Amino acid sequence: MKTLEELLAIKAKAEKQMNVREEEGAGIRVVVGMATCGIAAGARPVLAGFVEEVAKRNLKDVSVNQTGCIGMCQYEPIVEVFEEGKEKVTYIKMSPEKVARVVADHIVNGNPVVEYTVASLNK
Amino acid sequence: MRELSLNILDISQNSISAKATVVEVSVEENSAENTMIIKIIDNGCGMSEEMLRRVNDPFCTTRTTRKVGMGIPLFKMAAEMTGGSLEISSAVGKGTQVTAVFKTDSIDFTPLGDIDSTVITLITMNTHIDFLYRLTVDGREFVLDTKQLKEILGGVPLNEPEVVMWMKDYLKEQTQIIRGGVV
Ligand SMILES: Nc1ncnc2c1ncn2[C@@H]1O[C@H](COP(=O)(O)OP(=O)(O)OP(=O)(O)O)[C@@H](O)[C@H]1O
Ligand code: FES
Ligand SMILES: [Mg+2]
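These numbers come from a predicted model, not from an experiment. (Residues numbered from 1 in each chain as written. Chains lettered and ligands numbered in written order. Predicted model: local features only at pLDDT ≥ 70, side-chain atom pairs only at ≥ 80, totals over all residues. Heavy atoms only, no water.)

Draft legend 1. Region of interest: the interface of chain A and chain B. Taken together, the contacts link 32 residues of chain A with 40 residues of chain B. With both chains or domains summed, chain A and chain B bury close to 3,000 Å², and 64% of this area falls on carbon and sulfur atoms. Counting across the chain A and chain B interface gives four salt bridges. Across the chain A-chain B interface, the total number found is 12 residue pairs in polar contact (both at pLDDT 80 or more). Listing elements by their share of the side of chain A that touches chain B, those giving two or more residues are helix 1 (4-20), helix 2 (36-41), helix 3 (43-56) and strand 2 (62-67) of chain A. Among the elements that line the side of chain A that touches chain B, the one with the most residues is helix 1 of chain A, at 11 residues. Class assignment for the residues of the side of chain A that touches chain B results in 18 nonpolar, six polar and eight charged. (Contact = heavy atoms within 4.5 Å. Buried area = accessible area lost by both parts, 1.4 Å probe. Salt bridge = Lys/Arg side-chain N within 4 Å of Asp/Glu carboxyl O. Polar contact = N/O pair within 3.5 Å; in protein donor to acceptor, adjacent residues only side chain to side chain. Helix = DSSP H or I, 4+ residues; strand = E, 2+ residues; numbered from the N terminus. Nonpolar A, V, L, I, M, F, W, Y, C, P; charged D, E, K, R; others polar.)

Draft legend 2. Representation of the sheet that holds strand 5 (residues 130-137) of chain B in the model. All names here are of chain B. Here we have six strands laid out as an open sheet, ordered 3-4-2-1-5-6, and mixed in their pairing. At either end of the open sheet lies a strand with only one pairing partner, and these are strand 3 (85-91) and strand 6 (140-145). Sheet twist, expressed as the mean angle between neighbouring strand axes with direction ignored, is 10 degrees. Bridge analysis of strand 5 against strand 6 gives six bridges, and the strand direction is antiparallel. If you follow V137 over to strand 6, its bridge partner there is R140. Of the strands in this sheet, strand 5 and strand 6 touch helix 6 (residues 161-178), which is tilted by about 165 degrees from strand 6. (Pairing = 2+ DSSP bridges. Axes fitted to C-alpha atoms, helices over the stretch in contact; angles between N-to-C directions.)

Draft legend 3. Focus on the packing of aromatic side chains. With the rule as written, the count across this model stands at five aromatic pairs over all chains. Arranged with centres 5.9 Å apart and planes meeting at 50 degrees, the rings of F75 of chain B and F102 of chain B form a pair that is tilted. One end of the pair, F75 of chain B, is in helix 3 (residues 71-81); the other, F102 of chain B, is in strand 4 (residues 95-103), and 27 residues separate them in sequence. Here the aromatic rings of W166 of chain B and Y170 of chain B are separated by 4.6 Å at their centres, their planes lie at 15 degrees, and the arrangement is stacked. Residue W166 of chain B and its partner Y170 of chain B are both found in helix 6; the two are separated by four residues, about one turn of the helix. For the pair W166 of chain B and Y170 of chain B, one class covers both residues: buried. Grouped by ring-pair contacts, the aromatic residues Y133, F142, W166 and Y170 of chain B constitute a single cluster. In this structure, R29 of chain A packs its charged tip against the face of F82 of chain A, placed 4.8 Å from the ring centre. Of note, K98 of chain A hangs over the ring of Y116 of chain A, and the distance from its end group to the ring centre comes to 4.9 Å. (Phe/Tyr/Trp six-rings, centres within 6.5 Å; stacked < 30°, edge-to-face > 60°. Buried < 20%, exposed > 50% of the residue type's maximum accessible area, 1.4 Å probe, protein only. Lys NZ or Arg CZ within 6 Å of the ring centre and 35° of its normal.)

Draft legend 4. Layout of helix 5 (residues 146-153) of chain B. Residues and elements named next belong to chain B. Regarding helix 5, the residues found buried are T146, L149, I152 and L153. Down the axis, helix 5 shows its buried residues gathered within 115 degrees of arc, on one side only. Structurally, the start of helix 5 carries an N-cap: the backbone nitrogen of K147 is 3.0 Å from a side-chain oxygen of D145. A positive phi of about 60 degrees marks G154, the residue just after helix 5. (Arc of directions from axis to C-beta.)

This is how it looks when you write it as structure tokens:
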């Protein structure tokens, strides 16, 4: 059984870690479109997938956020990846399955998965 | 939408856009009456009477990126298809309450689906907002109030991975208890 006391223990542990952790800004920002069309197309598990992968890999430098409309309903779920000094990468028709690869190839290793991006449409 | 929990996530986005600081999501099931009542209550900017009238017509929106709003019409349709209803009350500067009644024995009833995932998404993506989630099944009630969690956690954020894991397990266990299962 999960209890509120357990939460106190988690707090104590997390505070200790926060003290040793250096101040790190979010170097990479992952943004998931969560307007009605995005949610209907499956944005919730995509967002949850990014949150989970980032936590699992302990990526302190990455933030995952939601936004409203990105303006291309037919390509939802849409995910945008922002990185300081680089051009924005827009992923379209995302799925939980695609998330793992985007995190591994792009977020961790710096190579965008071109075939999932909006840019691949013009090819 | 495939699950009512997705409609709930979407309708709650309206509350977030309306700058609410407290959002209450309540799901109330009554098996004797075959009803499910879903309420989303916020203390956001609210709507004028004129706006409220228009929102009940389909395709009204104040968004600027496209001309139609789909969130409320979709939720309303999901409720009315089952023989239920959707009602909105709102006051400018006070907040908004959306109440949807579903008949669960209708063949057009969409299941609630992964409501825990909706609650976790709302909480972790909007740590500055207080969420109160209430699940009532045949009179048995369970409440998760982030205000209470924040008091315990102090400066540790609600989106800290270990806290998120705790919330997921807590929701799952409490839901099982409410639904009469063994943990
Ligand atoms: N909780 C609320 N507080 C204040 N205004 C609201 C609230 N819910 C809805 N509204 C108003 O009603 C309009 C219609 O909402 P609806 O969810 O149907 O569409 P939308 O949010 O504009 O677009 P979307 O299709 O992405 O949901 C909103 O644009 C907003 O102006
Ligand atoms: S409304 Fe669909 S992307 Fe904006
Ligand atoms: Mg909406």
